[in-house]
Amino acid sequence: MGKPLVAVFSGAGMSTDSGIPDYRGPQGLWRRDPEAEKLVTYAHYMADPEIRRRSWRMRAEVAALGAQPNAAHLAVAELERAGTPVRVVTQNVDGLHQLAGMPPRKVFELHGTARAVVCTACRARSGMEEALARVAAGDPDPACAACGGILKPATVMFGERLDPQVLAQAVAVAKGCQVFIAVGSTLQVQPAASLAGMAAEAGARLIIVNAEETPYDPLADEVIREPIGTALPALLARVGGLSPA
């Protein structure tokens, strides 16, 4: 029998070992500083130049572009390289799955990417590094070089819709996989979190790897509370030998 199609659904907990903060966890930024949520809320960002300036400063300080894949990202890419069909659906915007070696066409970024910026007027895209270089050079709210419009990260901010095409691809993966592994996600942000339920309803083996309880734990065939950096590589080594149910 062929190897199962494995869907890896990753949330912020997947990247904390790479030094990227978990915004919704017990010590997450949104819980510590509710005002910070305005920095990534579309309406506030577009209406208030000071919010934009603070948002750019935050991105310069977080330095997420320098983050490197951790053992969990590398294990996912290794499973794919070893011949198991893998698709990654991620809530993360850090691009670490691709840096770890996952082919970009097999990674579906539900919330966009922090590695690019987009003009809200003409939709021109350019690199985040270029924008941050302009901030560092003294431009606190860089405008689009093409049309002068407001630039924003190519991420889905609060108040913006998910890209319907990316969401449709993610739904197809959830309904078509034999194993669905939700890792490092609270499974609370909809509609992304509902993919776990879709996969279980379609007959997939649902495995949840997360430090805290999630709303989908009762549907799971297996729940793992161990640290992701060690638990996921061990789990994927085991899953790689499974046959479809």
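A. Expanded view of unusual backbone geometry. Of note, the bond from Q190 into P191 is cis; its omega dihedral lies within 30 degrees of zero at 5°. Mapped onto the fold, P191 is located in the loop between β7 (179–183) and α8 (194–201). You will see that R123, though not glycine, has its phi angle at about 70°, which is positive. Checked against the element boundaries, R123 lands in the loop between β4 (112–119) and β5 (125–127). Unusually for a residue other than glycine, L187 sits at a positive phi of about 55°. Examined against the element boundaries, L187 turns out to sit in the loop between β7 and α8. Relative accessible area serves as the criterion here: at 1%, L187 is assigned to the buried category.

B. The sheet that holds β5, seen in detail. Taken together, three strands build an open sheet; the order of strands is β5-β4-β6 and the sheet is antiparallel. Taken across any chain shown, the strands that pair with only one partner, and hence form the sheet edges, are β5 and β6 (151–155). Strand-to-strand twist across the sheet, computed as the mean angle between neighbouring axes with direction ignored, equals 45°. Strands β4, β5 and β6 of the sheet are contacted by helix α6 (residues 128–136), whose axis makes an angle of about 70° with β5.

C. Local environment of the packing of aromatic side chains. For the coordinates displayed, the defined rule picks out one aromatic pair. Consider the rings of F9 and F180, whose centres lie 6.0 Å apart with planes at 25°: the pair is stacked. Of this pair, F9 sits in strand β1 (residues 6–10) while F180 sits in strand β7, placing them 171 residues apart in sequence. The two residues F9 and F180 agree in class, both being buried.

D. Local environment of the environment of L99. Take L99: it is sitting in helix α5 (residues 96–100). Considered as a pair, L99 and P69 are 30 residues apart in the sequence and their alpha carbons are 6.6 Å apart. Among residues more than four places away in sequence, those in contact with L99 are A67, P69 and R115.

E. Representation of helix α4 (residues 71–81). All of the buried residues along α4 are A72, H73, A75, V76, A77, L79 and E80. Considering only its buried residues, α4 is in contact with β1, β2 (86–90), α5 and α9 (228–239). The opening residue of α4, the one whose side-chain oxygen lies 2.8 Å from the backbone nitrogen of A72, is N70. Looking at the residues trailing α4, positive phi occurs at G83, about 110°.

Cut-offs applied
Residues numbered from 1 in each chain as written. Predicted model: local features only at pLDDT ≥ 70, side-chain atom pairs only at ≥ 80, totals over all residues. Heavy atoms only, no water. Helix = DSSP H or I, 4+ residues; strand = E, 2+ residues; numbered from the N terminus. Buried < 20%, exposed > 50% of the residue type's maximum accessible area, 1.4 Å probe, protein only. Pairing = 2+ DSSP bridges. Axes fitted to C-alpha atoms, helices over the stretch in contact; angles between N-to-C directions. Contact = heavy atoms within 4.5 Å. Phe/Tyr/Trp six-rings, centres within 6.5 Å; stacked < 30°, edge-to-face > 60°. Polar contact = N/O pair within 3.5 Å; in protein donor to acceptor, adjacent residues only side chain to side chain.

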